[in-house]
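Read off the chains here:
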Amino acid sequence: MSLWEYANPAKFMALSARILPILAIASSCLLLIGLFWGFFLTPADYKQGSTVKIIFLHVPSALMAINAWLMMLIASLIWLVRRHHVSALAAKAAAPIGVTMTLIAIATGAIWGKPMWGTYWAWDPRLTSFMILLVFYFGYLALWEAIEDKDTAADLTSILCIVGSVFALLSRYAVNFWSQGLHQGASLSLDKEQHVDNAFYFPLLICIAGMVLLFITLVLIRTRTEIRSRRLLALRLRNN
Amino acid sequence: MWSIILRDIKLAIRSGGGFSLTLAFFLIVIMIVPFGVGANLDLLSRIAPGLLWIGALLSCLLSLDRIFQLDWEDGTLEALATSPIPLSGIAIAKATAHWITTGLPITLASLPLGYLLNLNYEAYFWLFTTLAIGTPTLSFIGTFGAAITVGIRRGGLLLSLLVLPLYIPTLMLGAQCVSKGTNNPLELLALISAISLMCIALLPFACAIALRANLK
């Protein structure tokens, strides 16, 4: 019994059909508990007031925005090395979810930023690297759409994902040099997680766990859709 | 490999595109900026490093789709793929030819254009050095983008969407290095060189994978 068994689409479909309801229920429960705890049962911050509570959406979505790309990278590598179709389809399925997570992170950050920093947007290293991540997602999705042959598309997007990961990482650190000249210090991007109090820490952990499960649930659903549409295509080709 | 480089350079020059078109585009991009932001010399000298770098990026982008497109259409690329040279070697040759026909002239032309934008005197050296080291990166990344989009009809717009994000680190470091002038730009120069060397060493293999997927 190895993990690679589930590279077989039929086995993958059977397994994912069985665990999807459990995952969906678990993720919605965790998110509901975490968000309720975070929004209503935690005290307001002495400096930031109640705006601090947006952290319960912001941090999990920002984490998942990056982890979605990481998952795409791993799935792309598996496709290039072992040629499992499910892997390529899972990478394709994860990209729009990653875009959504990135947008949620940027939007919640902007909503928090207006009262705290006095601006919705600043060219701060972290904000900028998220914008860059968004552009990388767009390029990846556009490439999937542009190529007709499915296997070629999977090959090319995989190699783009790998090269893109390297350059996204490079941009993340190049940005630090670039914004030194514009910003006075990086006071804006305080490392929230390490400074956060225990009262915020536990609901935040629950929210992050919920978001991870939500991501897995959505990826599974979208991968199943991709597999089904691929089967439909094959059926249609056979009938013609 | 030399013959591929020479052939590409000849094609670029004789088809009337190559040098002159890229340089004319570079000139126009730099020329229209004062029309847009006004002819204030202080302002121009402040934004000159970034503008020259962005101009270089855009001019480089123009000729990218030609790297593989024609060879793909008339089947030369398939013939090249069956030759004893590995595909990654062909990618290196193509990228080198692209650099000689765009990166090199851009680097040389940036100096007079810098004068037009009232660039600081001490910045000329850094402008020339960063462009000389940074433009090979642009050519190699561009060749990778061209290899990915070669099978797509009207892939030009997609090519820009894929390639420009990959240019971001080079652009940031390059423009930053020029505008810092004498204020310790060496560490930035080291980073630009590192990115450049990494691109030259690794991207040809990515190009080869992309070309092989397209030729299948």
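Residues numbered from 1 in each chain as written. Chains lettered and ligands numbered in written order. Predicted model: local features only at pLDDT ≥ 70, side-chain atom pairs only at ≥ 80, totals over all residues. Heavy atoms only, no water.

Draft legend 1. Just the interface of chain B and chain A, in detail. Contact residues are listed per partner, giving 28 residues for chain B and 28 residues for chain A. Here chain B packs against chain A, burying approximately 2300 Å² in sum over the two surfaces, 84% of which is carbon and sulfur. Our count for the contact surface shared by chain B and chain A stands at one salt bridge. The shortest N-O distance in the salt bridge between Asp155(A) and Lys216(B) comes to 3.0 Å. Elements with a contribution of two residues or more to the side of chain B that touches chain A: helix H7 (123–149), helix H8 (156–180) and helix H9 (186–215) of chain B. Broken down by element, the side of chain B that touches chain A gets its largest block of residues, twelve residues, from H9(B). Of the residues belonging to the side of chain B that touches chain A, the class tally is 23 nonpolar, two polar and three charged. (Contact = heavy atoms within 4.5 Å. Buried area = accessible area lost by both parts, 1.4 Å probe. Salt bridge = Lys/Arg side-chain N within 4 Å of Asp/Glu carboxyl O. Helix = DSSP H or I, 4+ residues; strand = E, 2+ residues; numbered from the N terminus. Nonpolar A, V, L, I, M, F, W, Y, C, P; charged D, E, K, R; others polar.)

Draft legend 2. Structural view of unusual backbone geometry. All names here are of chain A. Backbone geometry at arginine 83 places phi at a positive 55°, although glycine is not the residue there. Relative to the assigned elements, arginine 83 resides in the loop between helix H2 (55–82) and helix H3 (85–117). What makes arginine 83 partly exposed here is its relative accessible area of 36%. (Buried < 20%, exposed > 50% of the residue type's maximum accessible area, 1.4 Å probe, protein only.)

Draft legend 3. How the structure looks around the packing of H8(B) against H9(B). Residue and element names in this part refer to chain B. Packing of H8 against H9 brings their axes to within 9 Å, and their N-to-C directions diverge by 155°. By the angle between their axes, H8 is roughly antiparallel relative to H9. Our pair here, H8 against H9, has a crossing hand that is left-handed. For the pair formed by H8 and H9, the contact residues are Pro169, Thr170, Leu173, Gly174, Gln176, Cys177 and Lys180 on the first element and Leu188, Leu189, Leu191, Ile192 and Ile195 on the second. In the contact of H8 with H9, the residues fall into eight nonpolar, three polar and one charged. (Axes fitted to C-alpha atoms, helices over the stretch in contact; angles between N-to-C directions. Parallel < 35°, antiparallel > 145°, perpendicular 65-115°, else oblique. Left-handed = near helix turned anticlockwise from the far one by under 90°.)

Draft legend 4. Region of the structure containing H7(B). Residues and elements named next belong to chain B. A rise of 1.5 Å per residue sets the reference length of H7, with its 27 residues, at 39 Å; its end C-alpha atoms lie 37 Å apart and thus fit the reference within 8%. Of all the bends found along H7, the most pronounced is centred on glycine 134 and spans about 30°, while proline 136, a proline, follows it within four residues. The buried fraction of H7 amounts to 23 of the 27 residues, a majority that puts the element mostly inside the structure. (Expected span 1.5 Å × (residues − 1). Bend = angle between axes of the 7 residues up to and from the residue.)

Draft legend 5. How the structure looks around the confidence of the model for chain B. Residues and elements named next belong to chain B. The share of residues in chain B with pLDDT of 70 or more is 97%, and the mean pLDDT across the chain is 88. Mean pLDDT values for the elements of chain B range from 78 in helix H1 (residues 2–14) up to 93 in H7. Our summary of model confidence lists the complex with pTM equal to 0.89 and ipTM equal to 0.89. (pLDDT = per-residue confidence, 0-100.)

Draft legend 6. Local environment of the packing of aromatic side chains. Tallying each qualifying case throughout the model produces seven aromatic pairs over all chains. Seen from their ring centres, Phe36(A) and Phe40(A) are 5.1 Å apart, and the 50° between their planes marks the pair as tilted. Linking Phe36(A) with Phe40(A), this pair stays in helix H1 (residues 9–41), spanning four residues, or about one helical turn. Its relative accessible area of 59% is what places Phe40(A) among the exposed residues. Each ring, one from Phe125(B) and one from Trp126(B), has its centre 5.1 Å from the other, and the planes form 70°; the classification is edge-to-face. Among the aromatic residues, those joined into a cluster by ring pairs are Trp69(A), Phe136(A), Tyr137(A) and Tyr140(A). (Phe/Tyr/Trp six-rings, centres within 6.5 Å; stacked < 30°, edge-to-face > 60°.)

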